[in-house]
Structures are given as structure tokens and as C-alpha cells.
Amino acid sequence: MTKSAEQPTPSVDATPDVELARAVVAGLSQPQKTLPCALLYDARGSALFEQITALPEYYPTRTEAAILAGAASDIAAHTPPGSLLVEFGSGSSRKTEILLEALPSLAAYVPIDVSQTALEDARARLAGRFPALRIIPIRGDFTQQLVLPQTLAKRPRLGFFPGSTIGNFAPLEACALLRQMGQSLGPCGRLLIGVDLQKDLARLISAYDDAAGVTALFNLNLLHRINREMGADFAVDRFAHVALYNGAEGRIEMHLESLTAQTVALGGRRFDFAEGERIHTENSYKYTVAQFHELAAGAGWTPRRLWTDAEDLFSLHELTPHDAHP
Ligand SMILES: C[S@@+](CC[C@H](N)C(=O)[O-])C[C@H]1O[C@@H](n2cnc3c(N)ncnc32)[C@H](O)[C@@H]1O
């Protein structure tokens, strides 16, 4: 993982060019063309995601925020003073403010994200609201081992992984990621994780295909990003956003569908698209509480506490390592 710094590293807001190019070419070379969903979050993508979180159809953010507000004092009661709050995929860190308010004695807050602008914006806002809080942003990939400054290495760690970002990973990858987070948080660590729940299809689909078309812009922005950063020539208006529910896999899928037969030049290669052919850009797995408990247990975590909303739309779990004391 990118090493921590008190200031986020300057310069780019993008995955380094070589990595981006490798990921894009590999994804588009598969029989089912695919792009990694982390690439959705360049500066514009992160800003669009923020707009999505405020849409009437997008229930996860406001529901998780309300659950957190209700659970915050309970969470604080189990968090020793001097702990580190480590957030995976922190984005705007807006929901985190609820936790930060309840945890005034943290040693530091460590937000981790691939998006440089999201980290910078969050840092500036949080520094204004919590002037005494030490903030250590890490621009990097949360699937990699966490590297913290030596002076903080012995602090107890509370991991925070909200937004149901775990749902972007297929179950085997999700299990590996949760195991990796266990290593990053250490034997005394705890993980607070937000997980979106199975629910009626109409509600699920509209959350990923809103009437105002913001999710479509978010998805299509990936092609603008590849054009800009790789010199590709995607005709973005010849692709359409598609959100569908894959019942066999229990997940929402986002795709970009080619509206015509066309060829795209990219990285010295050409990629042919048939009319109707799709690029698979994101999965969002939905779980029952029992399914998620089974996943977490398989990754070495014991579910300790669970909070949900009155409609059972969303769940917040507190996990501890299998051999930890409650
Ligand atoms: C679904 S958004 C959630 C944002 C925020 N935590 C929330 O709950 O609203 C996912 C966030 O994770 C970040 N992200 C996605 N994949 C990542 C990765 N592999 N490493 C680090 N950050 C990642 C994105 O940039 C984005 O900010």
C-alpha cells in the first residue's frame, strides 16, 4: 500500500498510468469485457458519487448514517481512548463525522482511498470541524497491507468500512479482503462494516438507475477518464448505462452497453464492440445478515454486534477476530 503521510501525496488523482493502462487493456481483452470498479473514482467520479449519495433513490447512505447516529455512543463505549480509526474507502468521510463526534479521544483518523481529491477535500473539511484531530490520509489500495507510521503501530485499531463497498467484491475476494483487513487491524482490532441487505428489486434497481441520470453519468465517466488518461477514443455518447439484478449471484450489476457496432482505439490496440455488447463495470452484492455472518466467519471474524434500520434495508456489523475477547 502507498505509505502514509500527514499530507496526502500531491500530484495525481488517478491510478498511475501504467497500472491504469494494464488494468484497462486486460479487462477489455476478456470475452466479457470488464473494467475494475475502483477506476470509477477519479476526481469527477468521486464528485458524482457524492451526488448519488444525496439522491432520493439512493437509500444506503442516509440509512447507514441514521444507523450510525443511533449506534455511535455504543461504539464509543467499546473503543479505548488513544485508538486509531482506520477507514477503508473513505471517500468524502461524511458519515465518519458521526463517529468522530462520538470518539473525541482518538490518537488519529486514517482515511484510505484511491481518490486523491476525495482525501484532500475530506481532510480540509474535517480539519475545520475537528481542529484537534490528527488526520493521516493514505492514498492507496485498501486491498493491500496497511503501513502506518512507527509511532502509531502499537495503538488499538478500529476499522471502519462503510458504504457497503464490501459488496463490490465477489464473495471469495470479499473473504480475502476481510482477512487482509484482519491483518491490517491486528489481533486486538475491531471492524465496523456497513453491508447492504437483500430487498425488493424495484428499490434495488432504482438505487442504481436514478431518474435524474446521475448514476449513468458516474458510470459513463469511466470512458471519459480512459479517453483523457490513456488517449483512447471512446465515443461516450454511443454507450449507455445499464443497471440490472443478477438473481443467481445476488448482486446488482452496472454495465456500459455499446449502442452500435464500433471500434475503440486504446493503448496502441483496437477493441471491437458489437451492437448491444456490454462492459461490466461494477458489482454490488446484497446479503442477508446470515450470509454476511458466514462470510465474515470464514475470514476469521466473529460478529459481535449488529445494528439495522426499521425497514431492514441496511446493516452495520461490529466484528472482532475469532480469538479476541468480546
Ligand atoms: C461506494 S464508495 C463509498 C464511499 C464512502 N465510504 C461512503 O460510505 O459513502 C467507495 C469508496 O472506496 C474507494 N475505493 C474503491 N476501491 C478502492 C480500493 N481498492 N482502494 C482504496 N479505495 C477504494 C472509492 O474511491 C470510493 O471513495
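Enquirer: Describe the pairing of strand β8 (residues 262-266), listing the residues and the values that go with them.
Expert: Residues of β8 alternate between two faces, with Gln262, Val264 and Leu266 buried on one and Thr263 and Ala265 left unburied on the opposite face. Sheet analysis places β8 next to strand β9 (residues 269-273), joined by 5 bridges and oriented antiparallel. Paired with Ala265 across the two strands is Arg270, which belongs to β9. Linking β8 back to β9 in an antiparallel pair, the connection comprises 2 residues, with Gly267 at a positive phi of about 55 degrees.

Enquirer: An account of the sheet that holds strand β6 (residues 239-246) is requested, with residue identities and associated values reported.
Expert: Taken in spatial order, the 3 strands of this open sheet run β6-β7-β10, and their pairing is antiparallel. Across the chains shown, the open sheet's two edge strands, defined by having one partner strand only, are β6 and β10 (278-285). Along the sheet, successive strands turn relative to each other by an average axial angle of 20 degrees, direction set aside. As paired elements, β6 and strand β7 (residues 251-258) share 8 bridges and run antiparallel to each other. Each bridged residue has a counterpart across the sheet, and for Ala240 the counterpart in β7 is Glu257. Helix α7 (residues 201-208) contacts β6, β7 and β10 of the sheet and is inclined by roughly 150 degrees relative to β6.

Enquirer: Please give an account of the site of the ligand that cites residues and values.
Expert: Residues in contact with the ligand amount to 16 residues; listed here are only the nearest, Gly89, Lys95, Asp113, Asp141 and Phe142. Burial of the ligand by the protein amounts to 93% of the accessible area it has alone, namely 590 Å². Its residues assigned to classes, the shell around the ligand shows 6 nonpolar, 6 polar and 4 charged. Split by domain, the residues of the shell around the ligand number at least three in each of domain 1 (18-56 + 202-285) and domain 2 (60-198 + 288-321).

Enquirer: Run through the packing of aromatic side chains, naming residues and quoting values.
Expert: One pass over the structure, following the stated rule, counts 12 aromatic pairs. Ring geometry for Tyr41 and Phe49: centres 5.8 Å apart, planes at 70 degrees, overall edge-to-face. Ring geometry for Phe49 against Phe218: centres 6.1 Å apart, planes inclined by 50 degrees, an arrangement best described as tilted. Here Phe49, found in helix α2 (residues 43-53), pairs with Phe218, found in helix α8 (residues 214-230); they are 169 residues apart in sequence, far enough to count as distant. You can call Phe49 partly exposed: its relative accessible area is 22%. Put simply, the rings of Tyr41, Phe49, Tyr58, Tyr208 and Phe218 pair up and form one aromatic cluster. Taking the ring centre of Phe273 as reference, the NZ or CZ of Lys33 above it sits at 4.8 Å.

Enquirer: If you had to explain the packing of helix α1 (residues 17-28) against α8 to someone new, which residues and values would you point to?
Expert: Where α1 meets α8, the axes come as close as 11 Å, and the angle between the chain directions of the two elements is 130 degrees. With respect to α8, the axis of α1 lies oblique. Our pair here, α1 against α8, has a crossing hand that is left-handed. Residues Asp17, Leu20, Ala21, Val24 and Val25 of α1 form the contact with α8, whose own contacting residues are Arg225, Ile226, Glu229 and Met230. Here the residues of the contact of α1 with α8 sort into 6 nonpolar, no polar and 3 charged.

Enquirer: Explain the environment of Glu57 residue by residue, including any values.
Expert: With respect to the helices and strands, the residue Glu57 is situated in the loop between α2 and α3 (59-77). Once residues within four sequence positions are removed from consideration, Glu57 is found in contact with Ser206, Ala207, Asp210 and Ala211.

Enquirer: Which residues make up the sheet that holds strand β1 (residues 84-88), and what values do they have?
Expert: Each strand in a sheet pairs with another by means of backbone hydrogen bonds, the pair being arranged parallel or else antiparallel. Pairing in this open sheet of 7 strands is mixed, and the strands run β3-β2-β1-β4-β5-β12-β11 from one edge to the other. At either end of the open sheet lies a strand with only one pairing partner, and these are β3 (138-139) and β11 (301-308). In terms of strand pairing, strand β5 (residues 190-196) meets strand β12 (residues 314-321) through 6 bridges, oriented antiparallel. What sits directly across from Gly194, in β12, is Leu316.

Enquirer: Kindly report on the packing of helix α6 (residues 171-185) against helix α9 (residues 289-298), identifying the contributing residues and their values.
Expert: Viewed as axis vectors pointing N to C, α6 and α9 meet at an angle of 55 degrees, and their least axial separation amounts to 8 Å. With respect to each other, α6 and α9 are oriented oblique. You can see that α6 and α9 cross each other, and the crossing is right-handed. On the side of α6, the interface is formed by Pro171, Ala174, Cys175, Leu178 and Arg179, while α9 contributes Phe292, Leu295, Ala296 and Gly298. For the contact of α6 with α9, the per-class residue count stands at 7 nonpolar, 1 polar and 1 charged.

Enquirer: Provide a residue-level description of the state of the cysteines, including the pertinent values.
Expert: Per the counting criterion, the structure on display carries 0 disulfides. In this structure Cys37 is not part of a disulfide, and its nearest cysteine sulfur, from Cys175, lies 18 Å away. The exposure class of Cys175 is buried, given its relative accessible area of 18%.

Enquirer: Which residues make up unusual backbone geometry, and what values do they have?
Expert: Positive phi is not limited to glycine here, since Ser93 has a value of about 60 degrees. We classify Ser93 as buried; its relative accessible area is 2%.

Thresholds, definitions, all that
Residues numbered from 1 in each chain as written. Predicted model: local features only at pLDDT ≥ 70, side-chain atom pairs only at ≥ 80, totals over all residues. Heavy atoms only, no water. Buried < 20%, exposed > 50% of the residue type's maximum accessible area, 1.4 Å probe, protein only. Helix = DSSP H or I, 4+ residues; strand = E, 2+ residues; numbered from the N terminus. Pairing = 2+ DSSP bridges. Axes fitted to C-alpha atoms, helices over the stretch in contact; angles between N-to-C directions. Contact = heavy atoms within 4.5 Å. Near = heavy atom within 4 Å. Areas by Shrake-Rupley, 256 points an atom, 1.4 Å probe, with all protein chains shown as cover. Nonpolar A, V, L, I, M, F, W, Y, C, P; charged D, E, K, R; others polar. Domains from an automatic or database assignment. Phe/Tyr/Trp six-rings, centres within 6.5 Å; stacked < 30°, edge-to-face > 60°. Lys NZ or Arg CZ within 6 Å of the ring centre and 35° of its normal. Parallel < 35°, antiparallel > 145°, perpendicular 65-115°, else oblique. Left-handed = near helix turned anticlockwise from the far one by under 90°. Disulfide = S-S within 2.5 Å.

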